[in-house]
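The chain contents come next:
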Amino acid sequence: MAQTKAHRKKRQVVIFIVLMLLWEAGSESIHYSVLEETESGTFVANLTKDLGLRMGELATRGARIVFKGNRQPLQLDPQTYDLLLNEKLDREELCGSSEPCVLAFQVLLENPLQFFQAALRVRDINDHAPEFPAREMLIKISEITTPGKIFPLKMAQDLDAGSNSLQSYVISSNSHFHVLTRSRSDGRKFPELVLDKALDREEQPELRLTLTALDGGSPPRSGTTEIQIRVLDSNDNAPEFAQEIYEAQVPENDSLGSLVITVSARDLDAGTFGEISYALFQVDDVNQPFEINPNTGEIRLKKTLDFEEFQSYHVDVEATDGGGLSGKCSIVIKILDVNDNAPELTMSSLISPIPENLPEMIVAVFSVSDADSGNNQQVICSIDDNLPFLLRPSVENFYTLVTEGPLDRESKAEYNITITVTDLGTPRLKTQHNITVLVSDVNDNAPAFTQTSYTLFVRENNSPALHIGGVSATDRDAGANAQVTYSLLPPQDPHLPLASLVSINADNGQLFALRALDYEALQALEFRVGATDRGSPALSSQALVRVLVLDANDNSPFVLYPLQNGSAPCTELVPRAAEPGYLVSKVVAVDGDSGQNAWLSYQLLKATEPGLFGVWAHNGEVRTARLLSERDAAKHRLLVLVKDNGEPPLSASVTLHVLLVDGFSQPYLPLPEAAAEPAQADPLTVYLVIALASVSSLFLFSVLAFIAVRLCRRGRAASLGGCSVPEGHFPGHLVDVGGTGTLSQSYQYEVCLTGGSGTSEFKFLKPIVPSFPPQVTGREMEGNPTLRNSFPFS
């Protein structure tokens, strides 16, 4: 705390020193003069020429006339910027009896800041005639008064100054008196009546003379009063004061009734002629703040004093004895200044709001003054240290308030500044002036998204114009600089029709799907969204938006094998000697959906002989459920249902034809159930047949010779029905490697060709199960409920 106070005091001292230096530097000024009572709007001077500026420069630089206080005697012509009178001036009202009457003012140029000192002198015209305080004066003079005796008279007052003020007094023609015109120390003229010839009460007890006061105007003005002279009997000693001139000092804040000074006079006469009474000579002076005790000569204060109004008073005191003789003395009372006036601050210019981000900008121009004198008049100016502003003294008593550095509206948009002006008197008086400075916004903040990336989810087959989510961005600026507009940015993939898929509300950032999305065609959509403010120049930012399409169960399972569009049904050959669990065929199906919507399960819906065949629920393998017998029919028709796991589930069915044979020594051809017209081959079937034929032909040619050799060795197993097949390596391209949608890797097939029918079909025949157990044990059945439920073994 102590360091802060020391720093502030040091700062104030520096500002005060700089102010005094600038005061001295700007002491030269331009002087103008004008007669009082001149009409308002009268041309005073060509300010542009006097200041040495270019034509129009006063207007562009924001010229202003600054007077102390609220009165503006001068104004600038708004077109020519000539200096004109703003009002009719009364010199006596402005300056009283002071001469010359000079009004100091400044010419303030705001941009850039510059001051010119100037002064306007109001010249007096003879618009006031001298006036006596009374129409009549009474003077009592003893008849024994010798010639040459001087009698003081009350002086007249003339409000004009200089040569137009009171200059002389004259008296009407008579044989006893003439008048002298004398000057006081303050320059005012007063008359004295001089006795030229002795008076004789018995001859003429009373005289009436006319006293005329003349000023120096052209033509001169005058004022008169009548002097009544009463001749008294002899009283040959007039009162005499101990001093002809008294001096006194009194502080301006003395209380009413306080003693200022005591004067004393004596009279050598005795009796009533020696009794003295005191009186102020100019009792009619309205500015007279004193009163005198007529018996003691004590002068006391009857009105409050103001050093700023009058710095001194000249008081004339008259002492009169009982015989009517009088004496006079003068008192010079000096008023001592007391620090009773607080400093004044006059704001000349205030700029608010001010733009942010500009360094050292002038915010305000103001002047300070103090009506006191000496140290009581010297002032220091300060503001709070924690504000980003500086006070800089300018010419004379002017200060400028400037920003210390660039301001940031987003940190603080309003500053309340208290300017404190303190004088150096005892006790110190201060004045505080509060101003509010607003900081205007500059577009220096780009919109900021609440997230750098957004992930939105939408289920496929949505309705058009569906609201799928939104993005949000904020801008720390204000007004139009904070208004954010959203837009879709061009995608990186030029082939992506983003404008036809998604739209965005430019005002609030809400996103909408323009059309129904298909998960199978488009699983995810990634694009960028821009947020742009409305500033100048506009600022923007981007955010990444990912739209993930959620799958719906809109695709039924599709059966790849066995084919259902062939002209003749596909028949699976099963030897009657097959063990339980013999692989008859495998239903291969796929689902275009994903996730659990693509999980397929298989079920045997209908069979020619229930209980003979079963279907594994998870892989679609059709196997024998028991040993075959001679009583079992040779032809069997199996209806297999393929169902997905969606909600609701979708399904497809496929029909398998199974033919039980005694052996594979002869080809077996499927028997048509009914004569039908030959149908045109399905293109998909043709493509599949060609593909299978091309792959299988290679295999057939490679194993044909080996089959012929082994055929004889298989003669003993003819009753079981089968063709010989090599036990060597099986081609890898015929093996299922994924386990989904194709045959299991555990099985290999023998191939036999059909003949005689001309259908050119080929069949996968008996599978060879190298390590397949003869039957499934009870423990395995318990461990695999699917197997137990699909194959009802007894």
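All values derive from a computational prediction rather than experimental measurement.

Within the chain one finds eight helices and 51 strands. Put simply, the chain has 794 residues, and 41% of those count as buried. Here the analysis covers contacts within the chain between residues at least 6 apart in sequence; of these, 67% occur between residues at least 24 apart. Carbon together with sulfur atoms contributes 52% to the accessible area of the chain, which is approximately 42000 Å² in total.

Tracing the sequence through the fold places Val122 in strand E7 (residues 114-123). Judged by its relative accessible area of 0%, Val122 is buried. With 19 residues separating them in the primary sequence, Val122 and Leu103 have C-alpha atoms 7.8 Å apart.

Let's shift gears to the packing of aromatic side chains. Tallying each qualifying case throughout the model produces ten aromatic pairs. Seen from their ring centres, Phe241 and Tyr278 are 6.1 Å apart, and the 50° between their planes marks the pair as tilted. Residue Phe241 is located in strand E15 (residues 240-241), and its partner Tyr278 is located in strand E19 (residues 277-280); the two are separated by 37 residues in the primary sequence. The two residues Phe241 and Tyr278 agree in class, both being buried. Put simply, the rings of Phe290, Phe310 and Tyr313 pair up and form one aromatic cluster. For Lys328, the ring lying beneath its charged end belongs to Phe281, and the centroid distance is 5.6 Å.

Across a sheet, paired strands are connected by hydrogen bonds in the backbone, their directions being either parallel or antiparallel. Read across the open sheet, the four strands follow the order E24-E26-E29-E28; overall the sheet is antiparallel. Of all the strands in the sheet, the pair left with one neighbour each is strand E24 (344-350) and strand E28 (389-393). Strand after strand, the sheet turns through a mean of 25° between neighbouring axes, direction not considered. In this sheet, strand E26 (residues 362-369) lies alongside E24 in antiparallel orientation, the contact comprising six bridges. For Leu350, the partnering residue across the bridge sits in E26 and is Ala364.

Taken together, the side chains of Phe558, Leu560 and Val590 present a nonpolar region at the surface, about 250 Å² in accessible area. Turning to its location among the elements, Phe558 is positioned in strand E41 (residues 558-561).

By the element assignment, Asn126 lies in the loop between E7 and strand E8 (136-142). Asn126 gets classed as buried once you look at its relative accessible area, which sits at 15%. Among the polar contacts listed, one links the side chain of Asn126 to the side chain of Asp215, at a separation of 3.3 Å. Polar side-chain contacts of Asn126 include one of 3.3 Å to the backbone oxygen of Pro219. Not counting the four nearest positions on each side in its chain, Asn126 is found in contact with Asp160, Asn164, Asp215, Gly217, Ser218, Pro219, Pro220 and Arg221.

Turning next to the nonpolar core. Membership of the largest hydrophobic core comes to 27 residues, with the highest contact counts inside it found for Tyr32, Ile65, Leu74, Leu83 and Phe105. Mapped onto this core, the elements with two or more residues apiece are strand E1 (30-35), strand E2 (43-45), strand E3 (63-67), strand E4 (74-76), strand E5 (83-85), strand E6 (102-109) and E7. Ranked by size, the runner-up nonpolar core spans 26 residues in total, among them Tyr486, Tyr519, Leu525 and Ala531.

In the predicted model, the chain carries a mean pLDDT of 80, and the fraction of residues at 70 or more is 82%. Across residues 665-680 the pLDDT falls below 50, and counting only partners more than four positions away or on other chains, this stretch makes 18 contacts in the model.

To continue, consider the side chain of Asn462. You can see Asn462 is positioned in the loop between strand E33 (453-459) and strand E34 (466-470). Owing to a relative accessible area of 7%, Asn462 belongs among the buried residues under this scheme. Polar side-chain contacts of Asn462 include one of 3.0 Å to the backbone nitrogen of Leu517.

Here Asn111 and Pro112 are connected by a cis peptide whose omega angle stands at -5°. Position of Pro112 among the secondary structure elements: in the loop between E6 and E7. Backbone torsion omega between Tyr561 and Pro562 reads 0°, so that peptide bond is classified as cis. Of note in the backbone geometry, Asn357 takes a positive phi value of approximately 70° without being a glycine. Classification of Asn357 by relative accessible area gives partly exposed; the value is 34%.

This part is about the pairing of strand E11 (residues 177-183). Inspection of the sheet shows E11 paired to strand E12 (residues 189-195) by seven bridges, in the antiparallel sense. Each bridged residue has a counterpart across the sheet, and for His178 the counterpart in E12 is Val194. Between the antiparallel neighbours E11 and E12 lie five residues, among them Gly187 with a positive phi of about 95°.

Below, the discussion takes up the state of the cysteines. Applying the stated rule across the entire model yields one disulfide. Paired by a disulfide, Cys95 and Cys101 hold their sulfur atoms 1.8 Å apart. Residues Cys95 and Cys101 share a disulfide whose torsion about the S-S bond is about 65°; that sign makes it right-handed. We note that Cys95, like Cys101, is buried.

Side-chain pairing between opposite charges can occur once the charged atoms of the two side chains come close. All chains considered together, the criterion is met by 23 salt bridges. When the shortest N-O distance is used, the salt bridge between Arg182 and Glu192 registers 2.5 Å. Of this pair, Arg182 sits in strand E11 while Glu192 sits in strand E12, and the two are ten residues apart along the sequence. The exposure class assigned to Arg182 is partly exposed, which follows from its relative accessible area of 35%. A salt bridge links Glu609 to Arg626; its shortest N-O distance comes to 2.7 Å. Taken as a pair, Glu609 in the loop between strand E45 (600-607) and strand E46 (613-615) and Arg626 in the loop between strand E47 (621-624) and strand E48 (635-644) lie far apart in primary sequence, 17 residues in all. It is possible to trace a salt-bridge network through shared partners that takes in Arg91, Glu92, Glu99, Arg121 and Asp124.

Spatially, the three strands line up as an open sheet ordered E2-E5-E4, and their pairing is antiparallel. Either end of the sheet is taken by a strand with one partner, and the two such strands are E2 and E4. If you compare each strand with its neighbour and ignore which way they point, the axes differ by 40° on average. For E2 and E5, the ladder comprises two bridges, and the chain directions are antiparallel. Of the residues in E5, the one forming a bridge with Phe43 is Leu84.

For the rest of this paragraph, the subject is the environment of Thr452. Take Thr452: it is sitting in the loop between strand E32 (448-449) and E33. Residue class for Thr452 comes out exposed when judged on its relative accessible area of 69%. Separated by 89 residues in sequence, Thr452 and Ser541 have C-alpha atoms that sit 9.9 Å apart. Leave out the neighbours within four places in its chain, and Thr452 touches Ala543 and Leu544.

What follows deals with the environment of Ala538. Take Ala538: it is sitting in the loop between strand E39 (524-533) and strand E40 (540-550). Between the C-alpha atoms of Ala538 and Pro447, which are 91 residues apart in sequence, the distance is 9.9 Å. Beyond its immediate sequence surroundings of up to four residues, Ala538 is in contact with Asn443, Thr532 and Asp533.

What follows is about the pairing of strand E49 (residues 651-661). The buried count for E49 comes to nine of eleven residues, which makes it a mostly enclosed element. Strand direction decides the pairing type here: strand E42 (residues 571-575) and E49, joined by five bridges, are parallel. By the bridge assignment for E49, Leu573 is matched with Leu659. In this sheet, E49 lies alongside E48 in antiparallel orientation, the contact comprising nine bridges. Bridge pairing in E49 places Lys643 opposite Ser651. Hairpin remark: E48 followed by E49, antiparallel, with six residues in the connecting loop.

Conventions used here
- Residue positions are given per chain, counted from 1 along the sequence in the order it is written.
- Under the rules for a predicted model, residues below a pLDDT of 70 receive no local features and side-chain atom pairs below 80 are neither given nor counted, while totals for whole chains, interfaces and linings still include all residues.
- Excluding hydrogens and water, the side-chain figures rest on all heavy atoms present in the structure.
- Note on conventions: DSSP H or I runs of at least 4 residues are helices, E runs of at least 2 residues are strands, and numbering of each starts at the N terminus.
- Each residue gets one of three labels from its accessible area relative to the maximum for its type: buried under 20%, exposed over 50%, partly exposed in between, using a 1.4 Å probe on protein chains only.
- Should any heavy atoms of two residues lie within 4.5 Å, those residues are counted as being in contact.
- Shrake-Rupley sampling with a 1.4 Å probe provides the accessible areas, and residues are treated as covered by the protein chains on show and by no other component.
- Paired rings are identified among Phe, Tyr and Trp, the last through its six-membered ring, by centres lying within 6.5 Å, and are further divided according to the angle between planes into stacked (under 30 degrees), edge-to-face (over 60) and tilted (the rest).
- Put simply, a charge is over a ring when the Lys NZ or the Arg CZ is close to the ring centre, within 6 Å, and near the line of the ring normal, within 35 degrees.
- At least two bridges found by DSSP between two strands are what make those strands a pair.
- As a rule, the C-alpha atoms of each element are fitted with a line to give its axis, helices using only the stretch in contact, and angles between N-to-C directions run from 0 to 180 degrees.
- Patch construction takes residues with relative accessible area above 30% that form no salt bridge. Like charges are linked within 9 Å, and nonpolar side chains (Val, Leu, Ile, Met, Phe, Trp, Tyr) are linked within 5 Å.
- Think of a salt bridge as a Lys or Arg side-chain nitrogen and an Asp or Glu carboxyl oxygen that are within 4 Å of each other.
- Polar contacts, as used here, are pairs of N or O atoms within 3.5 Å; protein pairs need one atom able to donate a hydrogen and one able to accept it. Residues neighboring in sequence count only if both atoms are side-chain atoms.
- Side-chain atoms within 4.5 Å link the members of a nonpolar core, which is a set of buried Ala, Val, Leu, Ile, Met, Phe, Trp, Tyr and Cys residues.
- For every residue, the predictor reports its confidence as pLDDT, a number between 0 and 100.
- When the sulfur atoms of two cysteines come within 2.5 Å, that pair is taken as a disulfide.

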